[in-house]
Amino acid sequence: MASDVDIVVADDPAQIVAERLAALARDGGSVVLTGGSTPRVAYETAAELHDDWTSVELWWGDERCVAPDDPRSNYGMAKAALLDRVTTRAVHRMQGELGRDEGARRYTSELEAVDGFDFVLLGIGSDGHVASLFPGEPSLDETARRALGVEAKLEPFVDRITLTLPLLASAREVLFLATGASKAAAVRRAFADAPSRATPASLVRADDGVTTAVLDAAAAGLL
Ligand code: 6PG
C-alpha cells in the first residue's frame, strides 16, 4: 500500500467528502472540484451542510469542451448540484465552449493568480485517469504549463481542458473519491502498486501536504 496516501474505506464516502467541502467553505481558501458523476451527491450534501461559499474560490480540475449547459459539462453538473444551492463569490469556470486550446489558454491566464491550491478533489477513471490526464499521454510530462487542451481517451469522447500534474501536486491537500467495483483495479494500481504513467492517479500526490483516498468497500476491494 502506498504509504503516502491515507486510505479511508467508508459506507458513505460522499458524506465524508461533503463534510470536508463544507468545512472548506466555512474556512475559505482555493478549492478544485472534479467532474464525472461520482461527486454529484457529495456536492448536493455539501450545499445542505453549508450555504455560504463566499469565502472560497472554486476551480475545476478539468472540463469537457462543451457548453456549460450541456449534460456532459462538469461545471453544469456542479452548478445543478452545488452552485445553484449556495451563495458564491469566486467561481472560475473552464470555458470548454471555446475549444481545448483557447479554453486552456484562458484558464492558464486565470491561474497566474494562484500560488498553489488549498484543496484538490479528484475522481479516478476505470482506466486510472485523473482530471483529463489519460494513461500514457504526453500531458503527463508537462511541467511548464498549468493547463492543457487534450483529446479524450475515455467516454465522453469530447476534447478536454485539464490541469497538469505539477499544479495538482502543489495542493496542500489532495482527496480522491472513488466508488464501485469498476474502479477497484484502477484504485489498486493508484494506491498499492508502484507509480506508473499507465495509471495517472498513481502520479498525483500532494508534494508538501496530505493525500487521502476516500473509497467504498467495492472500490477498495483489491487493496
Ligand atoms: C471527467 C472527470 C474525470 C472523472 C473520472 C471519474 O471530466 O470525466 O473529471 O476525471 O473524475 O472520469 O468519473 P466518474 O465519477 O463519472 O466515474
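Engineer: Help me understand helix 6 (residues 184-191) in this model?
Structural biologist: Spacing of three or four residues puts side chains on the same side of an α-helix, whose turn is 3.6 residues. The complete set of buried residues in helix 6 reads Ala 184, Ala 186, Val 187, Ala 190 and Phe 191. In a view along the axis of helix 6, the buried residues occupy a sector of 160 degrees, so they form one face of it. Buried residues belonging to helix 6 abut strand 1 (6-9), strand 9 (173-178) and strand 10 (210-215).

Engineer: Sorry if this is basic, but what is going on with the packing of helix 2 (residues 40-49) against helix 3 (residues 74-81) here?
Structural biologist: To describe two helices that pack against each other, one gives the angle between their axes and the distance between the axes. For the pair helix 2 and helix 3, the least separation of the axes is 8 Å and the interaxial angle reads 35 degrees. You can see that helix 2 and helix 3 cross each other, and the crossing is right-handed. Residues Arg 40, Tyr 43, Glu 44 and Ala 47 of helix 2 lie in contact with helix 3, whose contacting residues are Met 77, Ala 78 and Ala 81. By residue class, the composition of the contact of helix 2 with helix 3 is 5 nonpolar, no polar and 2 charged.

Engineer: Explanation requested: the side chain of Ser 132 in the structure shown.
Structural biologist: Within the element layout of this structure, Ser 132 appears in the loop between strand 6 (119-122) and strand 7 (147-150). At a separation of 2.7 Å, a polar atom in the side chain of Ser 132 contacts the side chain of Asp 62. Discounting chain neighbours no more than four positions away, the residues touching Ser 132 are Asp 62, Val 150, Arg 160 and Thr 162.

Engineer: Help me understand the site of the ligand in this model?
Structural biologist: Near the ligand you find 16 residues, and of these Ser 37, Thr 38, Asp 62, Ala 131 and Lys 183 are the closest. A distance of 3.3 Å is found between an oxygen atom of the ligand and a side-chain nitrogen or oxygen belonging to Thr 34. Between Asp 62 and the ligand, the recorded distance is 2.5 Å, taken from a side-chain N or O atom to an oxygen atom. Burial of the ligand by the protein amounts to 88% of the accessible area it has alone, namely 410 Å². Using a 2 Å cut-off from the grid points, one finds that the ligand occupies the largest pocket.

Engineer: What exactly am I supposed to notice about the nonpolar core here?
Structural biologist: Counting 65 residues, the largest nonpolar core has Leu 21, Phe 117, Leu 163 and Phe 176 as its most contacted members. Those residues in contact with Leu 21, other than ones at most four positions away along the chain, are Val 31, Leu 33, Tyr 43, Ala 46, Trp 53 and Phe 119.

Engineer: Could you clarify how one ought to interpret the sheet that holds strand 4 (residues 62-64) in this entry?
Structural biologist: Remark on secondary structure: sheet strands pair via backbone hydrogen bonds, oriented parallel or antiparallel. The antiparallel open sheet is built from 3 strands, whose spatial order is 4-8-7. Taken across any chain shown, the strands that pair with only one partner, and hence form the sheet edges, are strand 4 and strand 7. Pairwise comparison of adjacent strand axes, ignoring direction, gives a mean angle of 15 degrees for this sheet. Inspection of the sheet shows strand 7 paired to strand 8 (residues 160-163) by 4 bridges, in the antiparallel sense. Counted as the bridge partner of Leu 148 is Thr 162 from strand 8. Contacting strand 7 and strand 8, helix 4 (residues 100-111) crosses the sheet at an angle of about 170 degrees to strand 7.

Engineer: Sorry if this is basic, but what is going on with the packing of aromatic side chains here?
Structural biologist: For any two aromatic rings, the description comes down to two numbers: the centre-to-centre distance and the angle of the planes. Under the definition given, this model contains 4 aromatic pairs. Measuring from centroid to centroid gives 5.7 Å for Trp 59 and Tyr 107, while their planes differ by 80 degrees, and the two rings are edge-to-face. Residue Trp 59 is located in strand 3 (residues 52-60), and its partner Tyr 107 is located in helix 4; the two are separated by 48 residues in the primary sequence. What makes Tyr 107 buried here is its relative accessible area of 1%. An aromatic cluster is built from Trp 59, Tyr 107 and Phe 117, whose rings are joined through pairwise contacts. The residue whose ring lies beneath Arg 93 is Tyr 75, and the NZ or CZ to ring-centre distance is 5.6 Å.

Procedures and definitions
- Numbering of residues starts from 1 in each chain and follows the order in which that chain's sequence is written.
- Under the rules for a predicted model, residues below a pLDDT of 70 receive no local features and side-chain atom pairs below 80 are neither given nor counted, while totals for whole chains, interfaces and linings still include all residues.
- Think of the side-chain values as coming from all heavy atoms in the structure, minus any hydrogens and water.
- Burial status follows relative accessibility: with a 1.4 Å probe on protein chains alone, a residue under 20% of its type maximum counts as buried, one over 50% as exposed, and anything between as partly exposed.
- Helix and strand assignments come from DSSP, with helices taken as H or I runs of at least 4 residues and strands as E runs of at least 2, each series counted from the N terminus.
- Arc definition: directions from the helix axis to the C-beta atoms.
- Contacts are residue-level and defined by heavy atoms, with any inter-residue pair within 4.5 Å sufficient.
- Axis definition: a line fitted to C-alpha atoms, limited for helices to the stretch in contact. Angles are taken between N-to-C directions and run from 0 to 180 degrees.
- Left-handed is the label given to a crossing in which the near helix is rotated counterclockwise from the far helix by less than a right angle, and right-handed is the label when the rotation is clockwise.
- Under the grouping applied here, Gly and all other residues not named as nonpolar or charged are polar, the nonpolar ones being Ala, Val, Leu, Ile, Met, Phe, Trp, Tyr, Cys and Pro and the charged ones Asp, Glu, Lys and Arg.
- We define a polar contact as two N or O atoms separated by no more than 3.5 Å, with the added condition that, inside protein, one atom must be a possible hydrogen donor and the other a possible acceptor, whereas residues neighbouring each other in sequence contribute only through side-chain atom pairs.
- In these notes, residues near a molecule or strand are those with any non-hydrogen atom within 4 Å of it.
- In short, Shrake-Rupley with a 1.4 Å probe defines the accessible areas, and a residue's cover is counted only from the protein chains shown.
- Cavity: a set of points on a 1 Å grid over the protein atoms alone where a 1.4 Å probe fits but cannot get out. Pocket: an open set with protein on both sides within 12 Å along at least five of seven lines, its lining residues, like those of a cavity, having an atom within 4 Å of a point.
- To qualify as sitting in a cavity or pocket, a molecule needs more than half of its atoms within 2 Å of the grid points.
- Among buried residues, those of type Ala, Val, Leu, Ile, Met, Phe, Trp, Tyr and Cys that are joined through side-chain atoms within 4.5 Å constitute a nonpolar core.
- Only strands joined by at least two bridges in the DSSP assignment are considered to pair.
- When the centres of two rings from Phe, Tyr and Trp lie within 6.5 Å, Trp using its six-membered ring, the rings pair. Their planes under 30 degrees apart give stacked, over 60 give edge-to-face, and anything left gives tilted.
- Note on criteria: charge over ring means Lys NZ or Arg CZ within 6 Å of the ring centre, with the direction from the centre no more than 35 degrees off the ring normal.

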